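Spelled out, the chains give:
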Amino acid sequence: MHIKTKKRVFLMIPLLLLAFISHSFANSMPVYWQGYPSFEVLTVDKNSPVEIIHEDLVFDISEFRKHEYTISGRVSATYEMFNPTDKDLSVLMAFPIISKLYKFSKDDVSITAEGENIPFEVYLCESVDKYGAAVEQEDISFDFSKVAQAITTGPYRGENFSENDEGFMYTFEVAPKNTETINFSVRMNEFDMSRTKIAVDGFNSIEGGQDYMKVSGRCYEKTTFEIFVIGDDIDFQVEGYTDRNPEEKSDEFTYTVYRTSMSVKVFIENMIEKSKKEDTEYSDIFSTKIADIGRTQIYRMYISAMDVALSENTFVSYGDLAGQFYDNRLIILLYTVEFPANSGKTVSVRYNSHGTMDSRNTREPLYTFTYLLAPARYWAAFNNLDVEIITPSQAPYIVQSSMELKNTKPRHYTAKFTSLPENNLTFTIHANDRIITEKNRINNYFVYLSNPLVMAILMLILFAFAAAAVRSISKFKK
């Protein structure tokens, strides 16, 4: 090989490594992280005569507080409300928020009337997660009926069952005969998916065909597996397989099966007790949320989650139910404000709002926040909305907005409306005063070169290749 050619090869290798390392660093963080909108306060009684005279809405994002892979800000909504009737009114109000239950704390929310704290109750609604799909904030709507469903206290009646419906619990106690792990399977024959639904615990795989379903789980010590059947009972056969070959049958295990009649309500209560056990990953979260929210709401969350899952699938697992703590969900905060006749009150709500982070097409992330105004239309009247947005120094510019905003001073944007705007408020903040689409990803390399660790690694690689090149050329000359 010619000396010049060798030099070119050795020079290209570090550049390729640089590209590889830069690409790896670039992909070590997500480029999109879903946030969820904030909401207006609404009245539970659609016929309430109370009017909104004025609202001051403040988005304070100045602290640039990190939340998972995005940022959060503090939202303050202060309402001047008026009761125009000759009667004293007790007005039930609902404030919706979206949060993961394991991160939700009542201490993060402040509700006051005339400066005095108002106690509120927490009601859990459905999950808003779409199994990892990116859902734009403006595509999330608000349905008033969800409030009514959330505050219902009667017996649960769902699409697939009612809480008092009876089912059958099959409990399998399995133990290997020796130290080798076995795969324990239960095959349900002539399985009619339209007439039978199941909930399982302990099994970690499931497969099925036109007229059968099979669940399996690994067993290396005495283990309990459970199948709860709703609808038509099942006809099943037990099978065992070696751990090293899932198709090699094994009879090196013993099992005992128990069949008991059980209502859906009792099954859910048992799942709650299982979540409380100290040896589960959910126990700490569960005990905290029981104290903060109440057992009744956890029960409603579990049973409604099971109903939703069984509307989409034939089975649901214990992990699907306990995993509800990690889903983003609609949470309703319910409270009452007393209004004397022909008088007004100032009601304030303060809480945290999480933006959507999007760096799919830009070097610096875009952070988008949304405030849904639709719930305000349930009041008898709504007049005068003042909006103030305080941006952080890391992303001081509002580069997109659904409404016309005035940049009154550095990192301060305002807007005034004499009536409720037709559209929701959506705005995007950014490090630069305009969005520059990054079409050539190689520009990112120079960003990562500023990282001292990356620079040190590259220097070592370049030194090693330079030394190798010198040795190779010396040998060639000889």
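Residues numbered from 1 in each chain as written. Predicted model: local features only at pLDDT ≥ 70, side-chain atom pairs only at ≥ 80, totals over all residues. Heavy atoms only, no water.

A few points about the pairing of strand 12 (residues 196-201)
Applied cut-off: The buried label goes to any residue with under 20% of its type's maximum accessible area, the exposed label to any with over 50%, and the partly exposed label to all in between, with areas taken from a 1.4 Å probe on protein chains only. Helix and strand definitions follow DSSP, with helices as H or I runs of at least four residues and strands as E runs of at least two, each counted in order from the N terminus. When DSSP finds two or more bridges between two strands, those strands count as paired.
Among the 6 residues that make up strand 12, 6 are buried, leaving the element largely enclosed by the rest of the structure. Side chains Thr-196, Ile-198 and Val-200 of strand 12 all project onto a buried face; the interleaved residues Lys-197, Ala-199 and Asp-201 project onto the opposite face, where all are buried too. As paired elements, strand 12 and strand 15 (residues 223-231) share 6 bridges and run antiparallel to each other. Note that in strand 15 the partner of Thr-196 across the bridge is Gly-231. Relative to strand 18 (residues 315-317), strand 12 runs parallel, the two being bridged by 3 bridges. Its bridge partner being in strand 18, Val-200 is matched across the sheet by Ser-317.

Regarding the side chain of Asp-358
Cut-off, in case you're wondering: For this analysis, a polar contact is any N or O atom pair within 3.5 Å, provided that within protein one partner can donate a hydrogen and the other can accept it, and provided that sequence-adjacent residues contribute only side-chain to side-chain pairs.
Inspection of the secondary structure assignment puts Asp-358 in strand 21 (residues 356-358). Looking at Asp-358, the relative accessible area reads 17%, which means it is buried. Of the polar contacts made by the side chain of Asp-358, one reaches the side chain of Arg-360; its length is 2.8 Å.

With respect to the packing of helix 3 (residues 264-276) against helix 5 (residues 295-312)
Here is the rule we go by: Only C-alpha atoms enter the line fits that serve as axes; for helices the fit covers just the stretch in contact. Angles between N-to-C directions range over 0 to 180 degrees. In a left-handed crossing the near helix is turned counterclockwise from the far helix by less than a right angle, and in a right-handed crossing that turn is clockwise. Pairs of residues are marked as contacts when any of their non-hydrogen atoms sit within 4.5 Å.
Where helix 3 meets helix 5, the closest approach of the two axes is 10 Å, and the angle between their N-to-C directions is 115 degrees. Here helix 3 and helix 5 pass one another in a crossing that is right-handed. Where helix 3 approaches helix 5, its residues Val-264, Lys-265, Phe-267, Ile-268, Glu-269, Met-271, Ile-272, Glu-273, Ser-275 and Lys-276 are matched on the opposing element by Arg-295, Ile-298, Tyr-299, Tyr-302, Ile-303 and Met-306.

A few points about the nonpolar core
The cut-off we apply is this: Among buried residues, those of type Ala, Val, Leu, Ile, Met, Phe, Trp, Tyr and Cys that are joined through side-chain atoms within 4.5 Å constitute a nonpolar core.
Counting 85 residues, the largest nonpolar core has Ile-268, Tyr-302, Met-306, Tyr-335 and Tyr-371 as its most contacted members. Counting residues per element, this core draws most heavily on helix 5, which supplies 9 residues. Each residue touching Ile-268, except ones within four places of it in the same chain, is listed here: Tyr-299, Tyr-302, Ile-303, Met-306 and Leu-321.

Describing the confidence of the model for the protein chain
How we decide: Known as pLDDT, the predictor's confidence for each residue is given on a scale from 0 to 100.
For the protein chain, per-residue confidence averages 85 on the pLDDT scale, and 81% of positions sit at 70 or higher. Low pLDDT, under 50, characterises residues 13-27; the stretch is placed with 18 contacts to residues that sit more than four places away or in other chains. A low-confidence stretch, residues 131-135 (pLDDT under 50), is modelled with 7 contacts involving residues beyond four sequence positions or located in other chains.

Comments concerning the pattern of salt bridges
We apply this condition: What makes a salt bridge here is a side-chain nitrogen of Lys or Arg within 4 Å of a carboxyl oxygen of Asp or Glu, nothing more.
Counted by the stated rule, this structure contains 15 salt bridges. One salt bridge in this structure joins Arg-259 and Asp-233, with 2.8 Å as the shortest N-O distance. Taken together, the positions of Arg-259 in strand 17 (residues 253-263) and Asp-233 in the loop between strand 15 and strand 16 (235-242) put the pair 26 residues apart, joining distant regions of the chain. With relative accessibility at 34%, the residue Asp-233 sits in the partly exposed group. Between Arg-295 and Glu-269 there is a salt bridge, and its shortest N-O distance comes to 2.8 Å. Remark: Glu-269 occurs in helix 3 and Arg-295 occurs in helix 5; sequence separation between them is 26 residues. Classification of Arg-295 by relative accessible area gives partly exposed; the value is 28%. A cluster of three or more residues bridged by salt bridges with shared partners is formed by Glu-68, Lys-100 and Lys-103.

Quick word on helix 5
Applicable threshold: In a helix, the anticipated span is given by 1.5 Å times the number of residues less one.
Helix length check: helix 5 (18 residues) gives 26 Å between terminal C-alpha atoms against 26 Å at 1.5 Å per residue, within 8%. Here helix 5 has its buried residues at Gln-297, Ile-298, Tyr-299, Arg-300, Met-301, Tyr-302, Ile-303, Ala-305, Met-306, Asp-307, Ala-309 and Leu-310.

What to know about the sheet that holds strand 6 (residues 89-100)
Within the open sheet, the 4 strands sit side by side as 3-6-19-9. Their pairing is antiparallel. Strands at the two margins of the open sheet, each flanked by one partner only, are strand 3 (42-43) and strand 9 (121-127). In this structure, strand 3 lies alongside strand 6, joined through 2 bridges in antiparallel fashion. Paired with Leu-42 across the strands is Ala-94, a residue of strand 6. Here helix 5 sits on the sheet and contacts strand 9 and strand 19 (328-339); the angle it forms with strand 9, its principal contact strand, is near 10 degrees.

A closer look at the packing of aromatic side chains
As a reminder of what qualifies: Only Phe, Tyr and Trp rings take part, Trp by its six-membered ring, and two of them pair if their centres are within 6.5 Å. Stacked means planes under 30 degrees apart, edge-to-face means over 60, and tilted covers everything else. Whether a charge sits over a ring depends on NZ of Lys or CZ of Arg being within 6 Å of the ring centre and within 35 degrees of the ring normal.
This structure, assessed with the given rule, holds 19 aromatic pairs. With centroids separated by 4.9 Å and ring planes inclined at 65 degrees, the aromatic side chains of Trp-33 and Tyr-69 adopt a geometry described as edge-to-face. One end of the pair, Trp-33, is in strand 1 (residues 32-33); the other, Tyr-69, is in the loop between strand 4 (51-67) and strand 5 (70-83), with 36 residues separating them in the sequence. The partly exposed category is assigned to Trp-33, whose relative accessible area is 24%. Relative accessible area serves as the criterion here: at 38%, Tyr-69 is assigned to the partly exposed category. Note on Phe-59 and Phe-369: the rings are 6.3 Å apart at their centroids and 65 degrees apart in plane angle, and the pair reads as edge-to-face. With Phe-59 in strand 4 and Phe-369 in strand 22 (residues 366-372), this pair connects stretches of sequence that are 310 residues apart. Joined through ring pairs, the aromatic side chains of Tyr-170, Phe-172, Phe-184, Phe-203, Phe-225, Phe-236, Phe-253 and Tyr-255 make up one cluster. Here Lys-106 stacks its cationic end above the ring of Phe-120, 5.3 Å away from the centre of that ring. The residue whose ring lies beneath Arg-259 is Phe-168, and the NZ or CZ to ring-centre distance is 3.8 Å.

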